[in-house]
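Given next are the chains, with one letter for each unit.
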Amino acid sequence: MTSATHELLPQATNPPLGRVVFLNGTSSSGKSTVAEELLRTLDGAWYHLAVDHYHRARSRHDWTDEEFLPIFQRTVLGFHRVVAGMASAGNDVVVDHILGERWRLTDCLQVFAGFPVYLVGIHCALPELERREQARGNRTIGRAALQFPLVHQQLQYDVEVHTDQQTPAECAAQIAHRLTTPPAAFAELQIQ
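Because the structure is a prediction, the values reported are computed rather than measured.

**Q** Before we go on, may I ask you to explain the environment of V51 in this structure?
**A** Residue position: V51 is located in helix α2 (residues 51–57). The spatial distance from the C-alpha of V51 to the C-alpha of V151 is 15 Å, given a sequence separation of 100 residues. Residues within four places of V51 in sequence aside, it is in contact with V76, F79, D96 and H97.

Structure representation (C-alpha cells):
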C-alpha cells in the first residue's frame with residue numbers, strides 16, 4: 001500500500017471568490033431540476049447546495065412548533081454560511097433556496113456581502129405548483145400556495161425564468177447566458 005501526500009496548491013491558499021447562482025422560488029417551482037440542468041451544462045466544477053438537504057439531514061424528534069422554530073431558523077442560517085464557506089474557498093455554487101421571509105434575505109445580504117451573487121427568480125404559475133405538489137407526494141400540500149405571494153415580493157433579479165413555460169434546458173441556457181456579465185441585483189438590494 002502506497003501513501004501519497006498532497007500539498008495545497010499555491011493558488012488555492014488565497015483563491016478568488018466563487019460565483020453564487022442563487023435560485024429563489026416556491027416549493028415545487030423547479031429549482032432543483034434547474035440546478036441539476038445547470039450542473040450538466042455549465043463549464044467547470046459547480047456544486048448544488050439546497051436548503052432542503054440540510055433540513056433532511058437534521059435528526060427527527062417530536063418537537064412542538066415553539067421548540068422547532070429556533071431549530072429551523074438555525075438550520076437556515078447555518079446553510080447560508082455553508083454556501084459562503086464553499087464560495088469563499090473558490091467554488092462555484094448553485095443555491096436552491098426560498099426567500100419567503102425577510103429575515104432570510106437580510107441574513108443573505110450580510111453573509112454574501114462582496115460575493116459575486118447572481119439572483120435568479122424561478123417562477124411557476126400557482127395551478128401548476130399545486131399540480132406538482134400533488135403529483136410529487138412528498139410535499140406538504142398547500143405550502144407552495146402559502147409561499148407564492150411572498151417569495152418574489154420586493155425582489156429584483158439578474159435573470160428570471162418560468163418553469164411552467166420553459167424546459168429545464170431552456171431555463172439553464174438563459175441563466176448561463178446571464179453569467180457572461182457581472183451580477184447586479186444582489187448588490188443593489190444591499191444598498192437599499
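Read on for the rest.
**Q** When you look at the pairing of strand β5 (residues 159–162) in this model, what are you seeing that I'm missing?
**A** Within a regular beta strand, the side chains point alternately toward one face of the sheet and then the other, so they alternate between its two faces. The side-chain alternation of β5 yields one buried face, formed by V159 and V161, and one unburied face, formed by E160 and H162. Examined bridge by bridge, strand β4 (residues 117–123) and β5 share four bridges and lie parallel to one another. Following the sheet pairing, G121 is matched in β5 by E160.

**Q** Just checking my understanding: could you explain the packing of helix α1 (residues 31–41) against helix α7 (residues 168–178) for this structure?
**A** Packed helix pairs are specified by the crossing angle of their axes together with the interaxial distance, meaning the distance between the axes. α7 packs onto α1 with a crossing angle of 65° between their chain directions and a minimal axis gap of 9 Å. Of the two possible hands of crossing, α1 and α7 adopt the one that is right-handed. Together, T33, V34, E37, L38 and T41 of α1 and P168, A169, C171, A172 and I175 of α7 make up the contact between the two elements. Along the lines of polarity and charge, the residues of the contact of α1 with α7 split into seven nonpolar, two polar and one charged.

**Q** Honestly, α1 in this entry has me stumped. Any pointers?
**A** Each α-helix turn comprises 3.6 residues. Residues three or four places apart therefore point the same way. If you check which residues of α1 are buried, you get K31, V34, A35, E37 and L38. Along α1, the residues classed as buried sweep out an arc of 165° about the axis, all on the same side.

**Q** Explain the pairing of strand β1 (residues 20–24) to me, please; I cannot follow it from the model alone.
**A** Counting buried residues in β1 gives five out of five residues, a clear majority hidden from the surface. By the alternation rule, side chains of β1 split into V20, F22 and N24 and V21 and L23, which are all buried. Bridging between β1 and strand β3 (residues 92–97) involves five bridges; their strand directions are parallel. Within the sheet, the bridge partner assigned to V21 lies in β3 and is V94.

**Q** Explain the environment of H152 to me, please; I cannot follow it from the model alone.
**A** With respect to the secondary-structure elements, H152 resides in the loop between α6 (143–147) and β5. Spatially, the C-alpha atoms of H152 and G25 are 7.3 Å apart, while their sequence positions differ by 127 residues. Once you skip the residues sitting within four places of it in the chain, H152 turns out to touch N24, G25, G121, I122, H123 and Y157.

Reading the values: rules and limits
- Residues numbered from 1 in each chain as written.
- Predicted model: local features only at pLDDT ≥ 70, side-chain atom pairs only at ≥ 80, totals over all residues.
- Heavy atoms only, no water.
- Helix = DSSP H or I, 4+ residues; strand = E, 2+ residues; numbered from the N terminus.
- Contact = heavy atoms within 4.5 Å.
- Buried < 20%, exposed > 50% of the residue type's maximum accessible area, 1.4 Å probe, protein only.
- Pairing = 2+ DSSP bridges.
- Axes fitted to C-alpha atoms, helices over the stretch in contact; angles between N-to-C directions.
- Left-handed = near helix turned anticlockwise from the far one by under 90°.
- Nonpolar A, V, L, I, M, F, W, Y, C, P; charged D, E, K, R; others polar.
- Arc of directions from axis to C-beta.

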